[in-house]
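Here's the letter readout for the chains.
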Amino acid sequence: MDSTGPEIMTKPKRKINWQKVAPYLFVSPFIIAFLLFSVYPFVSAIKMSFEQVNGIAGSTWIGLRNYKQLFGLNEFYAALWNVFRYTIWTLLILIPLPMLVAFVINRKGTPLKGFFKSVYFAPVLTSTVIAGLIFRYAFSDDKTGVFNQWLSVFHLGPFDWLENAHTAMFALVIIAVWRWIGVNTIYFLSGLQGISPDIYEAADMDGANGWQKFRYITIPMLKPITIYVLTISIQAGFSLFNESYVYWGAESPNNIGTTLVTLIYKTAFTDGNFGLSCAVGVALFIIVTVVNAIQTKLMGLYDN
Amino acid sequence: MHSIKRQKIINNSLAFIFLGLIAIAVLIPFYFMLVSSFKNVAQIFSNGLNVNIDFSKMNLDNYKALWTNRNGIYWLWYRNSLIITIVQTILVLVLTSMVGYGLAMYRFKGRNLIFIVVLIMMMFPGDVLTIPLYYLITKLGLLNTYAGVILPGVVPAGTIFFFRQFCMGLAPDYAESARLDGCGEFRIFWNIYVPLMKPAFGAMTILTTMGAWNSFLWPLIVMKSDTNFVIPAGLLSAMTPYGNNYQLLFAGSVMSIVPIMLIFIFNQKAFQDGFVVGGVKG
């Protein structure tokens, strides 16, 4: 490219050029896919959220009317409240519990470590739809549903699990806990393996007990991984769809299972209102971005 | 000395009980599924989800129904899932390994920018794009086709990130000496570095397969006719009260989990490494 002098050594020169072009060829699949399947649809989503979309017939610009309609929808607030609670519950359980499990697996002398790791990993291999269908039957409302049967031993219930806001949330959270406990454990285990055993030995010398070691060594050392798990969990929590859809389809009684993504799906494919659907999508994007920005800031990701 | 030893045994037992209880809780849904798959459907539902084992009432009828029910539509779903999973996995591996390699092995203008975009895309809630992507696929005439399901997901950022991290750990010296020998850039990648990236390919094969095999919302939107469904969408559609397809549910679920479980059992280490290196390092 920048050749000026006479071409004495043609062959090496061509190679050097290739070496400059090659990286762009290697990364081109990402650039093309990013432009075509991310940037273009993202810009369309924003544009469509300001439009009345009439299918093939074309679209008309309607300004903020989709957003006004969205902010007037009870379903939207129900969805926000549901995904917010869902995310909080999954974080409250799926950070400390897997951390503890990883700690116990990692400690010296725990038997059958490999076996437990494999078993905990099995749920994530199962499709959420299939898992959800099994849970849906376990939560069936008659007396003979599995959960009601178990509770009857303690003279509790029977509950209409999937008809009531509190039990519905429980039914959603339990799938998440069941499915992700293994993966989060593996994440935390990888972090623990980065902690030198010397630190624990030194703590042993000082007479620290198991809890103190967990509280004052393990938790602080796991901070970078915790930030990572938090970030992906927040994204996944606010994007909840499959489990809710398997339990209730696109519309749940009193919106107890409505989420932002079921709302995207329902407004588009049940109501045919694609503009409104895109407005929900934009809201989802803003919420996830803002929450993750605050979270990473609070966790000190940008310090140092 | 004796009491320390006893304390250790107690601690190990406590650890075992703790982990064992969680393991039981994790396995219960699999148990439900497996037991139910051998039971008469009417029997399961007349008594809620009855999961007691009673061999006299258990048989293989549900598995046979996978072939007979609606002319064996289940195996059409299975075929669709297989084709989509295999094609998508191959494309993802080829394309993302190239991108990851390019980002790790070359210094070039825009490299950091592209890497930051990859990182941002890893956190991006993809569902935001559902509707415009649906329009795009419709415009391209790919609705109700395998290509429509596969194409938008062939260069996922997470997989690029994984390959990039892995390649950062590989020595660039091989490339230098190969260049001196007159080896072309793509051949350096294909003949020298791809073999070195074998562990990364192992982990990513499994993760990509798992994601494609279990994907639900996007194939549900793209595939309009029930013969084109993938397994999760098909099984869910079998749940309609009118279809009388409940027989498919549990046996079909078991059969859909079998391949992924087999891959897992034979590649456990690659599985776990895939999650670890892809997610955490860097």
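Note that the structure is predicted; figures quoted are calculated from it, not measured.

A tally of regular secondary structure across chain A gives 14 helices and 2 strands. The C-alpha atoms of chain A give a radius of gyration of 26 Å, which is well past the 19 Å a tight globule of 304 residues would have. Here the C-alpha coordinates of chain A stretch approximately 95 × 70 × 35 Å along the principal axes. For chain A, buried positions account for 40% of its 304 residues. Partitioning the intrachain contacts of chain A with sequence separation of at least 6 by distance along the chain shows that 65% fall at a separation of at least 24.

The next point concerns the overall build of chain B. Within chain B one finds 15 helices and 0 strands. Projected onto the principal axes, the alpha-carbon positions of chain B cover approximately 75 × 75 × 35 Å. The proportion of buried residues among the 282 residues of chain B is 43%. In chain B, of all internal contacts separated by at least 6 residues, the share reaching a separation of at least 24 is 75%.

Bringing the nonpolar core into the picture now. By size, the foremost hydrophobic cluster in this structure holds 150 residues, and its most contacted members are A:Ile134, A:Leu260, A:Val280, B:Val99 and B:Leu235. Take this core: its biggest share by element is 13 residues, from helix α8 (residues 165–192) of chain A. Shared between two domains, this core holds at least three residues of each, these being domain 1 (17–61) and domain 2 (68–298) of chain A. Each residue touching A:Ile134, except ones within four places of it in the same chain, is listed here: B:Pro29, B:Phe32 and B:Met33.

Bringing unusual backbone geometry into the picture now. With glycine set apart, most residues show a phi of negative sign, and most peptide bonds adopt trans. Residue A:Asn254 is not a glycine yet carries a positive backbone phi of 55 degrees. Inspection of the secondary structure puts A:Asn254 in the loop between α12 (242–248) and α13 (260–269). If you check the backbone angles, B:Arg70 has positive phi at about 45 degrees while not being a glycine. Inspection of the secondary structure assignment puts B:Arg70 in the loop between α3 (61–68) and α4 (73–105).

Attention now moves to the confidence of the model for chain A. All names here are of chain A. Looking at chain A, the pLDDT average stands at 87 and 92% of residues meet or exceed 70. Here helix α7 (residues 146–153) is the element of chain A with the lowest mean pLDDT, 79, and helix α3 (residues 74–94) is the one with the highest, 96. The low-confidence segment residues 1–9 (pLDDT under 50) makes 3 contacts with residues lying over four places distant or belonging to another chain.

We now examine the interface of chain A and chain B. Between chain A and chain B, the contact holds 78 residues from the first and 70 residues from the second. Among the elements that take part in the side of chain A that touches chain B, helix α1 (residues 10–48) of chain A stands out by supplying 19 residues, more than any other. Its residues assigned to classes, the side of chain A that touches chain B shows 53 nonpolar, 21 polar and 4 charged.

With that settled, the discussion passes to the environment of B:Ala270. All names here are of chain B. In this structure, Ala270 sits in helix α15 (residues 268–279). We classify Ala270 as buried; it has 20 C-beta atoms within 10 Å. Sequence separation between Ala270 and Ala171 is 99 residues, and the spatial gap between their C-alpha atoms is 22 Å. Ala270 has contacts with Gly202, Ala203 and Ile206, leaving out every residue within four places of it along the chain.

Interface size, as often reported, equals the accessible area lost upon joining of the parts. Residues and elements named next belong to chain A. Here the domain parsing of chain A yields domain 1 (17–61) and domain 2 (68–298). On a C-alpha basis, the centroid separation for the pair domain 1 and domain 2 is 31 Å. At the junction of the two partners, domain 1 supplies 7 residues and domain 2 supplies 6 residues. Looking at the side of domain 1 that touches domain 2, the elements with two or more residues in it are α1 and β1 (51–53). Each residue belonging to the side of domain 1 that touches domain 2 can be placed in one class, and the counts come to 4 nonpolar, 2 polar and 1 charged.

Sparse coverage of helix α9 (residues 197–205) of chain A is indicated by the burial of 0 of its 9 residues. A:Gly207 sits one or two positions beyond α9(A) and adopts a positive phi of about 80 degrees.

Residue and element names in this part refer to chain A. Turning to its location among the elements, Leu192 is positioned in helix α8. The partly exposed category is assigned to Leu192, around which 19 C-beta atoms lie within 10 Å. Considering only alpha carbons, one finds Leu192 and Val21, 171 residues apart in sequence, at a separation of 42 Å.

Basis of the calculations
Residues numbered from 1 in each chain as written. Chains lettered and ligands numbered in written order. Predicted model: local features only at pLDDT ≥ 70, side-chain atom pairs only at ≥ 80, totals over all residues. Helix = DSSP H or I, 4+ residues; strand = E, 2+ residues; numbered from the N terminus. Rg over C-alpha atoms; globule rule 2.2 N^0.38 Å. Buried ≥ 20, exposed ≤ 12 C-beta atoms within 10 Å, placed from the backbone. Contact = placed C-beta atoms within 7 Å. Core = buried A, V, L, I, M, F, W, Y, C linked by C-beta atoms within 7 Å. Domains from an automatic or database assignment. pLDDT = per-residue confidence, 0-100. Nonpolar A, V, L, I, M, F, W, Y, C, P; charged D, E, K, R; others polar.

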